[in-house]
Amino acid sequence: MSFKSLGLSEPLLRAISKKGYETPSPIQAKAIPPVLEEKDVLASAQTGTGKTAGFTLPLLHLLSQRPVQKHRPIRALILTPTRELAAQVHTNVKEYSEFLNIKSTVIFGGVNQKPQVATIRKGVDVLVATPGRLIDLESQGLLSLKRVEIFVLDEADRMLDMGFLRDIERVMKLMPDKRQNLMFSATFSKDIKKLAYSILNNPVKVEATPENTAVEVIDQKVYRVAKGKKTGLIIKLISEGNWKQVLVFTRTKHGANKLCKKMISAGITAAAIHGNKSQGARTKALAGFKSGKVRVLVATDIAARGLDIPLLPHVVNYEIPNISEDYVHRIGRTGRAGASGEAISLVSADETTYLRSIEKLIDMKIEVEVVEGFEPDPNASTEPIKPGQNRNRGRGGNQNKNSNSRRNSGEGNKNSNRNRNRNKNRNRRRNSDNRS
Ligand code: AMP
């Protein structure tokens, strides 16, 4: 199987070989032919499978075969959940279209809209966008989707997780009914299937190798540890193992910041990346990490989606996710492009239930180790922390818990309810902050 045999045009083949790709990845081999046949496609694929080229290459092929229109209306729209993913996809679009007469740009929130509008005014064929900024510019009359021929919904599951369903429905109404639709998702919940049904017309279904097989090639290990000793343990592992490039996942943005500060105090260069960081700060953190200047990148799940970090040797779950599929996404960051990787999880007593459900999902038992001096607390409760509590805890770790209880002492339930509500609102606000 070669890219040529898939029927891609010569300028695309040239760009592909410039990127150094030799053979199509499984998702590319499966998705490219039906897209070239102008069919709707529903693809099951996660980041790291080469899915971006899977939709971008045939999309560019089709557009470049059609006559260039006056004023260059937007003919293809690629919608992504996060700014990072949008930027990443656009970089790919630019690279693959280098030898074609195709113009493209990317728009997302958190940055000045003026340069984005100026580029769109000059005419673009392919627009990569996050939903918020797209709808914003459209409602200001600064762009039109009335001439869209191909629509790509990337990481549809994450779109729904981030609460973008309404926005997607709105975007759908802005495009002509007659168009080709491609939808990519790593997971297929009932809601995703419903969304697929409403967007796609008689789609061809394609699937990359099931996620579980990818999991088997990654070295996974669990360190059982007392909650309060996790920071010490991670610093020890990174320092003594002399790990140079480590992606660390925390459950909350606050947790990411806090851990990042502790790493820096311990003399390990680190940066945090999450939804509350400005676009500039995120780009800088990622660039530093990629270049090797920053050893540790601490990220939340949402921020990490769409990061293109090749050949990542170490992934650490500082806290394991309560959604088992997120574990698969996280550790999928190692062992990319055939390189082997190591995924480590620091698990405290209250995370036991989550660990069990992850093991059930991946259908394997993960090897457990205990490091001397960082033993688990034998008296700690194995009662799982509820998602709401997680976030509280993340905001201040155990300290926060203590300060809350100090604040609450003697003040009864009323106050703790008030605190809970306050935190609920905070969480709601924070969730909406995450949207671009
Ligand atoms: P993606 O899943 O689209 O995020 O792609 C994951 C990584 O694989 C990116 O770094 C791509 O540049 C790379 N990639 C995509 N297609 C191929 C291919 N056919 N051969 C080698 N690398 C690829």
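Scroll up a little and you will see the structure.
The structure reproduced in this document is the subject of the present report. No experiment lies behind these values; they were computed from the predicted model shown. (Residues numbered from 1 in each chain as written. Predicted model: local features only at pLDDT ≥ 70, side-chain atom pairs only at ≥ 80, totals over all residues. Heavy atoms only, no water.)

**Examining the overall build of the chain**
Defined as follows: Each helix is a run of DSSP H or I of at least 4 residues and each strand a run of E of at least 2, with the numbering of both proceeding from the N terminus. Per-residue accessibility, obtained with a 1.4 Å probe over protein chains only, is compared with the maximum for each type, and a residue is labelled buried under 20%, exposed over 50%, and partly exposed between these values. Surface exposure here means Shrake-Rupley accessible area, sampled with a 1.4 Å probe, where a residue is shielded only by the protein chains that are shown.
Of the regular secondary structure elements, the chain holds 18 helices and 14 strands. A burial count over the chain gives 54% of its 436 residues as buried. Of the accessible surface of the chain, which amounts to about 20000 Å², a share of 50% is contributed by carbon and sulfur atoms.

**Regarding the pattern of salt bridges**
For clarity, the cut-off: The term salt bridge refers to a pairing of a side-chain nitrogen on Lys or Arg with a carboxyl oxygen on Asp or Glu at a separation within 4 Å.
Under the counting rule described, the total for this entry stands at 21 salt bridges. Each of Glu38, Arg66 and Glu149 takes part in one network of salt bridges that share partners.

**Describing the sheet that holds strand S11 (residues 296-299)**
Using the following cut-off: By definition, two strands form a pair when at least two bridges between them are found by DSSP. Lines fitted to C-alpha atoms define the axes, with helix axes restricted to the stretch in contact, and inter-axis angles between N-to-C directions lie between 0 and 180 degrees. Contacts are residue-level and defined by heavy atoms, with any inter-residue pair within 4.5 Å sufficient.
Read across the sheet, seven strands follow the order S10-S11-S9-S12-S13-S8-S14 without closing on themselves; strand pairing throughout is parallel. The open sheet has two free edges, formed respectively by strand S10 (270-273) and strand S14 (367-369), since each of these has just one partner strand. Ignoring which end each strand starts from, the neighbouring axes of this sheet average 25° apart. As defined by bridge partners, strand S8 (residues 219-224) adjoins S14 across three bridges and the pair is classed as parallel. When the bridges of S14 are listed, tyrosine 223 appears paired with glutamate 369. Helix H15 (residues 324-331) rests against S8, strand S9 (246-249), strand S12 (314-317) and strand S13 (342-347) of the sheet, and its axis sits at about 155° to S12.

**Quick notes on the site of the ligand**
Definition in use: We call a residue near a molecule or strand when any one of its heavy atoms sits within 4 Å of it. Pairing of N or O atoms within 3.5 Å defines a polar contact, subject to two protein rules: one partner must be a possible hydrogen donor and the other a possible acceptor, and residues neighboring in sequence count only if both atoms are side-chain atoms. Nonpolar residues are Ala, Val, Leu, Ile, Met, Phe, Trp, Tyr, Cys and Pro. Charged residues are Asp, Glu, Lys and Arg, and all others, Gly as well, are polar.
The immediate surroundings of the ligand are formed by 13 residues, with Tyr21, Gln28, Gly48, Gly50 and Thr52 found nearest. A distance of 2.7 Å is found between a nitrogen atom of the ligand and a side-chain nitrogen or oxygen belonging to glutamine 28. Considered on its own, the ligand offers 500 Å² of accessible surface; in the complex 77% of this is hidden by protein. Its residues assigned to classes, the shell around the ligand comprises three nonpolar, eight polar and two charged.

**Focus: the pairing of S12**
Of the two faces of S12, the one lined by His314 and Val316 and the one lined by Val315 and Asn317 are each fully buried. Pairing of S9 with S12, which is carried by four bridges, proceeds in the parallel orientation. By the bridge assignment for S12, leucine 247 is matched with valine 315. Here four bridges tie S12 to S13, and the two strands are oriented parallel to one another. Considered in S13, the bridge of asparagine 317 is made with serine 345.

**A few points about the pairing of strand S5 (residues 150-153)**
Alternating residues of S5 divide into Ile150 and Val152 and Phe151 and Leu153, and every residue in both groups is buried. Relative to S5, strand S2 (residues 76-79) runs parallel, the two sharing four bridges. Looking at S5, one finds that leucine 77 is bridged to phenylalanine 151. Two strands pair when backbone bridges link them, and S5 and strand S6 (residues 180-185) are joined in this way by four bridges, in the parallel orientation. For leucine 153, the partnering residue across the bridge sits in S6 and is methionine 183.

**Side note on the side chain of aspartate 350**
Here aspartate 350 shows up in the loop between S13 and helix H16 (352-362). A residue is classified by how much of its surface remains accessible, and aspartate 350, at 8% relative accessible area, is buried. One polar contact links aspartate 350 to lysine 227, side chain to side chain, over a distance of 3.2 Å. Polar contacts involving the side chain of aspartate 350 include one to the side chain of serine 348, which spans 2.7 Å.

**Considering the environment of lysine 205**
Mapping lysine 205 onto the fold places it in strand S7 (residues 204-207). Lysine 205 gets classed as exposed once you look at its relative accessible area, which sits at 65%. In sequence terms lysine 205 and aspartate 40 are 165 residues apart; their C-alpha atoms lie 8.8 Å from each other.

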